[in-house]
Structure formats: structure tokens, C-alpha cells
Amino acid sequence: MVPLSYYLVLSGFLFACGVTGFLIKRNIITIFMSIELMLNGVNLSFVAFAAHWHSLAGQVFVFFVMVVAAAEAAVGLAIIIAVYRTRETLNVDQVNLLKL
Amino acid sequence: MTSSLNLWLIPVLPLAGAAINGLLGKKSSRTAVSVIGLFFSGAAFAWALSVAWRVSAADLPYAEYIAHWIRYGAIGASGSFAADFTLYLDQLSLIMLLVVTGVGFLIHIYSVGYMWDDPSYYRFFAYLNLFMFFMLTLVLASNYLLMFIGWEGVGLASYLLIGFWFTKDSAASAGKKAFIVNRIGDFGFLIALFLIIEHFGSLDFTKVFAQVQPIAPETSGAGLLTAIGILLMVGACGKSAQIPLYVWLPDAMEGPTPVSALIHAATMVTAGVYMVSRSHVIFERAPMALTVVAVIGTLTAIFAATIGITQTDIKKVLAYSTVSQLGYMFMACGVGAFSAGIFHLMTHAFFKGLLFLGAGSVIHAVGGEQDMRQMGGLRTYIPWTFGTMCIATLAIAGIPPFAGFWSKDEILWKAFSSGPEGKVYWMIGLITAFLTSFYMFRLLFMTFFGDYHGVQVDEHGRAHLAHSHAGTDDAHGHGESHGEPHESPMVMLVPLMILALLATVGGLVGIGNRFEHFLEPVFGPGVAGAAGDAASSAQEYVLMGISITVALLGFLLAYVLYISKPYLPQKIADGLNGFYTAVLNKYYVDELYSKLFVKPLIEGSTRILWQGVDRKVIDDTVNNAADGARDVSNEVRQMQSGNLRSYAGWIAAGSAAVIAYMIWMGVR
């Protein structure tokens, strides 16, 4: 059986990838995908713990996360399309009209 | 007499006048202002006269309680202190009362003419009345604290009136100088009061003196009474313009001439003499303090007289003459002849008031010119002024039977008969009498004799110039041009004549020591005067003869130098080059004070207090605190860039730090 720590390391790696991508990428789609990556990194640790402790709570939580992520994807992509239509760019540095 | 004298009316009347004129005068006509100013000062005089009429020697001293003021602790208990608004009348304050209100009223009348064209006419009368109020408070006070109020009040009035033409720089700074120099004296006065409170638990004249009375004179060494006496003298030096604090008085001539007459000759400057005389109980028990008083008085008398010789500004001569005459009064007090000092104070008020008013009339006549070298030959132009000035000059020079002779001779005699060191005072006093006679006749000759030096052709222009400076210069600036010197209006001449009359006969009350006997209830038989009068009267007549001779010598010298051989003074001045220059520049005392006190003070204030403490410590504390806050904020605000990803980065870094911490805690 694969030890728990492997899953956690992988989960941490995925989360870190997501954070890094969120921080350094400019394309709004990529940022969006990075967020998904972070969510899934966390999901992985949830299911790993659930398997380890033989508890279903973790798996139930993952479902909740996936539902929220799906809703987020629906709303988020809609916003991205709206932004692209008005601003004709997906570079977040150029979508800063509210900044002082 | 059981009915009240209502003494309180005397100071309150001028105060009412000052309030009415000060508050409403700006909108009123000149006539209304004059009527109010004259009415209230005249009413004070009238009331003072009626008080003098109604009161008999048996009623004095008379105290009038008005209201309570400061009460601390139960009355009579130890450690308690009380100072009330109580007025006190005895022979001494009665004389001062009559002099202040009488001479003051005459000068009020004179001012109507002299100041008529001044734009701030109402202000002048408000100040004059205010001065009267404070001076009368000073004179009538029954305790040192109330006296101190009057004392400071006349200082204030003096400041206001010296700087009356405050748009002129020299007048404004002369006012400041008078005020500051007086503060130095007041400092001594205040400490003396603190000592009195500390040791006698009261400031009430009667209570303090009752406690001082049994104390034996401090002949062996300096003690408490000597300290109090000397500190009181410091105060008197400030107010009465004695060495080393006399410097303000000559500068005070920047004020309008009636002010010089009222405040700086006749009344206010005598406050110091009055205060020392009032405290005679203390001084009599402190021989060392008395010596200080006598020495200061004597030195001031001759010192100021020598300066007076060289001055060419008519008012400056009179100013130094005032300082010198005040020196005489202190000399008298210093040898224990307080009544002689007060006698001279009274006669001096008459003739010096007259001299100043006469000088004002002269200045009026020649269109604001004060330099005596520009005058001359005025006796035909302004005969009335000339006549009254002559009387005043004879009076101050000590020629019998005019007033100054009696009082000055009294002082010299008292000085002479007061012991071995008294001979020295007498000698110096005699020289001063000679100098006085000389510079006064010099003034008279330069002003009224010879030819008129104000060039007629130039006259219109100069008069016009003087007129354009009206309100800033000592010009009265009335519309007519000064083609020729002209006599002053009646409203100015009448006070002159009344004062001339007083200066003529005022001294006669001193014949047969009547004045001294009148004051005896206040001063007692006196320290020096205890010696039998009859036994030494022959000696007194000899001294009298010497004084008269000396006065005549002064007259002759002035006559020779300024009438028969007018080229001589310049020659003598050239012969005594260095000394003459020193005297002409008033012995460089002002410069010395400036170097010793003013400059170091300004330097110290600039370098240490301003640039050091204020800028470096106080300002920099505040500024650096603000700078620090700004710098820190500048650094910190970089975090708040508005860039979403940098926020996310901070969040990530923060969570990483928290996790790292938790892991570290877990591992440990």
C-alpha cells in the first residue's frame, strides 16, 4: 500500500504548483486553472486522509469542494468571457480599472 | 468726625472718565471727550480738596474699608493673610493726593489745547484718566499689595502714553524700554513684599509697621530690614529713574509733552520717593539701606545733571533735570529727612510740570522743533510762555523766594547736619545745584534770548514737514503754517500761569518748618531733624547763603557762555574733547547696558533658546516623530499595491509561515 505521506507530498506539490501559477501567470484562464489545481491538491489530501483513517467525512467534503468548484467554473468563465468582450484582453495586469 | 469721607470716589472718578472716553470716545466729538476728561479729573481734584477741607488732623490717619479682597485663614490666626481694598489717608497721602489731582487736572486742561489736532484725541484722554486712577490707587492704598496694583498700573499708563504715537518706531521702543526697565525694579519690589509677608504675615502698612517699630535698628550688620529696604529701593529706582535704572526716562520723552509733564516729571516718577517715605519705619531701622538710598540719590543727582548740561533737545534737558531732582529727593530720604524729600517732591511737581508745559508751549510755538539750537529769541514772540518759564527756571535753580529754593535748601541742610558722610552728600548736592542752575539758565538763554535761528524762508517747508508728521512726531500739526513762532492758546496758558503761581509761592509753606511739622504725625520727629533747630539756625543761614551764591554762579556762568560770549561753549567743548563727547553721549550708559545685558540676552536667546532648544529639541522632536511615521508608512504602504497577485503572494507567504511554525512546534 502506498503510504499516506506520498499522497500528502503530491497534494502539497499540486497546491504549490497552483499557488505558483496563480502568482506568476498573467493570463486569466491560466490563473483560473491554477485555482482549480489548488482545489484539487486539497481534494487529494482529503481523500488520502479519508482512506487512511477509514472515514467517509473526507470524501463527502471532496464532493462539496467539487460542487463549489463547478459553480465557480460556471460563474468564473462567464465573467472571463464578459471581460474579454469588453476589454479584448485576458491579461490581468490590464484589467485594473478599479486600482487607484 | 464720624461721617465717611468717601475717599473711594477720588480714584474711581478718573476711572469712570477713562472708561467712558476709552469705550465711547472714538465716536464722540472732541468737545465731548474734553468735557468728560476734564470733568472726571476735575471732580477728583475737587473731591480731594473737599476731603482736605473736611478732614482735621485729629481724624488722621483715616482708613476706609471698601471691600475684602484676599483672605486666607481666620483673621488674626497665625499663618493667616489678608489684603483688602482699603484706602488710607494721612498727611503724607493727603499731600500726594492734592499734588496728583491738582497738577494732573491742570495738565488735563493744557492737553486740550496741545493735543486738539491729534487724530487719537480720545485715546489720549482715556489714558490720562486711567493714569490718574492708578496713581491715586497707589497713593491711597493702605497695603503694599494695593499699592503694587497702582504701581504697575501707572507703569502701564506710562507705557501706553510714551508709545502714544506708536506708529513711530522710536516711540514704540521707548515705551517698551520704559516697561522693561520698570519690570527690573518691580522684581526687587516684589521680593521685598514676599519678605514682608514671610516675616510679618501682612502687607497692611499699619500692621507691618507696628511689628517693625519695636525692632532695634540694624546698626551692627545687615539683616532682614536692610534686605527689605534695599529691595524696596530697587523698585523705587525703577519707577523713579535712579541709577542704574534711570535709562528709560530720557527716552520716555518720545511721548507727547503733556505726558512728560504729568507722568515723567510731576507725578508718577515720584512714586518711588513716596514708597520709600511710606516705608520710612523700615528704612529708619536699616541704616545700611538708608545709606544705599542716599548714595544712589546723590550719585544720580550729579550724574544726570552733568548729562543735562550737554543736551540740546529741550525735553531731554528737562528729562535729565528730572532724574537729577529725583536724586535730590532720594538723598533727602537717605539722610532720614523724609519730609524734606516730600517737600521737594511737591515743589518739583509745580516747577517741573510748569517747565515741561512751557517746553510744550515752546515746541508748539516753533512748529514741532525740539532742538534748542534752532530756537532763540523767542521771548518777544511768546511772552507769556517766557514769563512762566522764567519763574520755573528761577524755582528749579534755587533762587529765593521761589519754591525750589526752600525745598532744595531744606534737603541740603538736612544732608549737611546728618553726620560726617552727610557733608559729602551736601558737597555733591551743592555742585549739582550749581549745575542745575547752569543748565536751566542755559536752556532759558538758548531758547528765549539771542536771535531766532529757525530760518524764516525755510520755515514754511519745515513747518509743513512737521505738519505731515503730525501724529508721529511731537508736532501738534494744526493747519496754519509756522511762518512765525506764535503764542499758545489760552487753554494752554492758564495752566502755565497757575503752575507759575504755585512755583512762586509753593515753597513758602516750608518756612519755619511748617511743612515738616505738618508731616510729623507720619514721620515722627525724624532721624536727622531731631537736632535742635534753633541752635544750628545760624549755620543754616550760612548754608542758605552758600546755596544762593552757587545758584547765582550757575546763572552767571550761563549768562557769560550763552549771552555775552556765545562762541565760548564750543571752545570749551573742544578743549574737553574726550570728556565732552562722553557726556554728550550720556556716558555711553545705554551702549554699556546694551553690551552687558541686551546683546548677551539676544545672543543667548537666539543661539541657545531659539536655535538650540526651540529648533533642535522641541521642533525636531515633533518633526522627527512625524518624519519617522511617514517613513515607516512609506515602507509599509508598498505592500498595499492594489495588485491582486501580490496580495495572494503575501497570503501564501503568511500561510507558509504559519504552517512552518506549526510544523516546527509539532516537531519540537
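Everything quoted here is computed from the prediction, not taken from an experiment.

Student: Whenever I open this one, the overall build of chain A confuses me. Can you help?
Tutor: Looking only at helices and strands, chain A features 3 helices and 0 strands. Listed by position from the N terminus, the elements making up chain A come as α-α-α. Taking the principal axes of the C-alpha coordinates as reference, chain A spans close to 50 × 25 × 25 Å.

Student: Would you explain the overall build of chain B in this entry?
Tutor: A count of helices and strands for chain B gives 26 helices and 2 strands. Expressed along its principal axes, the backbone C-alpha trace of chain B runs to roughly 120 × 75 × 55 Å. Each of the 668 residues in chain B was classed as buried or not, and the buried ones make up 51%. Within chain B, contacts between residues at least 6 apart in sequence are counted, and of these 80% link residues at least 24 apart.

Student: I would appreciate a short explanation of the packing of helix H3 (residues 91-114) of chain B against helix H10 (residues 257-266) of chain B in the present structure.
Tutor: In helix packing, the relevant descriptors are the interaxial angle and the interaxial distance, both defined with respect to the helix axes. Residue and element names in this part refer to chain B. The interhelical angle for the contact between H3 and H10, taken along N-to-C directions, is 165 degrees, at an axis separation of 9 Å. Here H10 runs roughly antiparallel to H3, going by the angle between their axes. Note on packing geometry: the crossing formed by H3 with H10 is right-handed. Contact residues: Val103, Gly104, Ile107, Tyr110, Ser111 and Tyr114 in H3; Thr257, Pro258, Ala261, Leu262 and Ala266 in H10.

Student: What exactly am I supposed to notice about the interface of chain B and chain A here?
Tutor: You'll often see interface size given as the accessible area lost when the parts meet. Counting residues at the interface gives 5 residues for chain B and 5 residues for chain A. For the side of chain B that touches chain A, the class distribution of residues is 2 nonpolar, 2 polar and 1 charged.

Student: Please clarify how the environment of Asn27 of chain A should be interpreted in this entry.
Tutor: All names here are of chain A. Relative to the helices and strands, Asn27 resides in the loop between helix H1 (4-24) and helix H2 (28-53). For Asn27, a count of 13 C-beta atoms within 10 Å puts it in the partly exposed group. Put simply, Asn27 and Leu90 are 63 residues apart on the chain and 5.5 Å apart in space, counted from C-alpha to C-alpha. Residue contacts for Asn27: discarding those within four places in its chain leaves Leu90 and Asn91.

Student: What should I look at first to understand the nonpolar core in this one?
Tutor: Buried together is how nonpolar side chains tend to be arranged in soluble globular proteins. Core analysis: the biggest nonpolar cluster contains 210 residues, and Phe131, Met233, Val293 and Ala503 of chain B have the highest contact counts within it. Filtering out sequence-adjacent residues up to four positions away, Ala503 of chain B remains in contact with Phe350, Phe351, Leu354, Ile391, Ala392, Ala395, Phe402 and Ala403 of chain B.

Student: Would you take a moment to explain the environment of Met96 of chain B for this structure?
Tutor: Residues and elements named next belong to chain B. Assignment of secondary structure puts Met96 in helix H3. For Met96, a count of 27 C-beta atoms within 10 Å puts it in the buried group. In sequence terms Met96 and Met135 are 39 residues apart; their C-alpha atoms lie 9.5 Å from each other.

Student: Got a minute to help me understand the pairing of strand S1 (residues 62-72) of chain B in this structure?
Tutor: Regular strands have side chains that alternate between both faces of the sheet. Residues and elements named next belong to chain B. With 0 of 11 residues buried, S1 is to be regarded as a mostly surface element. The sheet contact formed by S1 and strand S2 (residues 81-89) spans 9 bridges and is antiparallel. If you follow Tyr62 over to S2, its bridge partner there is Leu89.

Student: Looking at this structure, how should I read unusual backbone geometry?
Tutor: For residues that are not glycine, phi is negative in most cases, and the peptide bond is trans in most cases. Each neighbour pair has its own omega, and for Ile243 of chain B with Pro244 of chain B the value is 5 degrees, a cis peptide bond. With respect to the element layout, Pro244 of chain B can be found in the loop between helix H8 (224-239) and helix H9 (248-251). A cis amide bond links Pro400 of chain B with the next residue in sequence, Pro401 of chain B, at an omega value of 5 degrees. As for its position among the elements, Pro401 of chain B is in the loop between helix H16 (383-397) and helix H17 (403-416). Located in the positive-phi region is His54 of chain A, a residue other than glycine, with phi close to 55 degrees. By secondary structure assignment, the location of His54 of chain A is in the loop between H2 and helix H3 (57-87). Unlike most non-glycine residues, Ala241 of chain B shows phi in positive territory, near 55 degrees. One can find Ala241 of chain B in the loop between H8 and H9.

Student: What is the right way to read the environment of Pro250 of chain B from this model?
Tutor: Residues and elements named next belong to chain B. Mapped onto the fold, Pro250 is located in helix H9. Take Pro250: there are 27 C-beta atoms within 10 Å of it, and that puts it in the buried class. Counting along the chain gives 191 residues from Pro250 to Phe441, while the straight-line C-alpha distance between them is 20 Å. With sequence-adjacent residues up to four places away left out, Pro250 is seen in contact with Lys316, Ala319 and Tyr320.

Student: What am I meant to see in helix H14 (residues 314-334) of chain B here?
Tutor: In an α-helix, one turn spans 3.6 residues, which is why side chains three or four residues apart end up on the same side. All names here are of chain B. The terminal C-alpha atoms of H14 lie 30 Å apart, and with 21 residues this matches the ideal 30 Å at 1.5 Å per residue to within 8%. Within H14, 21 of the 21 residues are buried, which leaves the element mostly enclosed by the surrounding structure. Phi for Gly336, located one or two positions after H14, is positive at around 85 degrees.

Student: Is there a simple way to explain the packing of H3 of chain B against helix H15 (residues 338-365) of chain B in this structure?
Tutor: Residues and elements named next belong to chain B. Between H3 and H15, whose axes approach to 10 Å, the crossing angle comes to 5 degrees. Overall, the two elements H3 and H15 adopt an arrangement that is roughly parallel. For the pair H3 and H15, contact is made by Leu92, Ile95, Val99, Val103, Ile107, Tyr110 and Tyr114 and by Ile342, Met346, Ala349, Gly353, Leu357, Gly360 and His364, respectively. When the residues that make up the contact of H3 with H15 are grouped by side-chain class, the tally is 11 nonpolar, 3 polar and no charged.

Student: Got a minute to help me understand the confidence of the model for chain B in this structure?
Tutor: Detailed reading of the predicted coordinates is not advisable wherever pLDDT is low. For chain B, the average pLDDT comes to 85, and 93% of its residues sit at 70 or higher. In this model, residues 527-532 of chain B is a region of pLDDT below 50 whose contacts with residues beyond four sequence positions or in other chains number 14 contacts.

Rules used throughout
- Residues numbered from 1 in each chain as written.
- Chains lettered and ligands numbered in written order.
- Predicted model: local features only at pLDDT ≥ 70, side-chain atom pairs only at ≥ 80, totals over all residues.
- Helix = DSSP H or I, 4+ residues; strand = E, 2+ residues; numbered from the N terminus.
- Buried ≥ 20, exposed ≤ 12 C-beta atoms within 10 Å, placed from the backbone.
- Contact = placed C-beta atoms within 7 Å.
- Axes fitted to C-alpha atoms, helices over the stretch in contact; angles between N-to-C directions.
- Parallel < 35°, antiparallel > 145°, perpendicular 65-115°, else oblique.
- Left-handed = near helix turned anticlockwise from the far one by under 90°.
- Nonpolar A, V, L, I, M, F, W, Y, C, P; charged D, E, K, R; others polar.
- Core = buried A, V, L, I, M, F, W, Y, C linked by C-beta atoms within 7 Å.
- Pairing = 2+ DSSP bridges.
- Expected span 1.5 Å × (residues − 1).
- pLDDT = per-residue confidence, 0-100.

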